[in-house]
Amino acid sequence: MPVLDPNPQNGQKKMLLVFGAFLAIFVIIAVIASLASP
């Protein structure tokens, strides 16, 4: 299975969505941590 598929299947799109959600959660945690630090 190629990494970059011209026609992404449903599973690949779901994997990309999970990766995007993980990245968003990481950014939110970083912002909260920087706000919580004095």
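Refer to the structure printed above.
Scope of this entry: the structure provided in the associated data block. (Residues numbered from 1 in each chain as written. Predicted model: local features only at pLDDT ≥ 70, side-chain atom pairs only at ≥ 80, totals over all residues. Heavy atoms only, no water.)

### A short note on the overall build of the protein
Working step 1: Counting secondary structure elements, the protein contains one helix and zero strands.
Working step 2: A total of 38 residues make up the protein; the buried ones form 0% of that total. (Helix = DSSP H or I, 4+ residues; strand = E, 2+ residues; numbered from the N terminus. Buried < 20%, exposed > 50% of the residue type's maximum accessible area, 1.4 Å probe, protein only.)

### Description of a nonpolar patch on the surface
Working step 1: Together, Phe 19, Leu 23, Phe 26, Val 27, Val 31 and Leu 35 line one region of the surface with nonpolar side chains, adding up to about 640 Å² of accessible area.
Working step 2: Looking at where Leu 35 falls in the secondary structure, it is placed in helix α1 (residues 10-36).
Working step 3: Relative accessible area serves as the criterion here: at 69%, Leu 35 is assigned to the exposed category. (Patch = residues over 30% accessible without salt bridge, like charges linked within 9 Å, V, L, I, M, F, W, Y side chains within 5 Å. Areas by Shrake-Rupley, 256 points an atom, 1.4 Å probe, with all protein chains shown as cover. Salt bridge = Lys/Arg side-chain N within 4 Å of Asp/Glu carboxyl O.)

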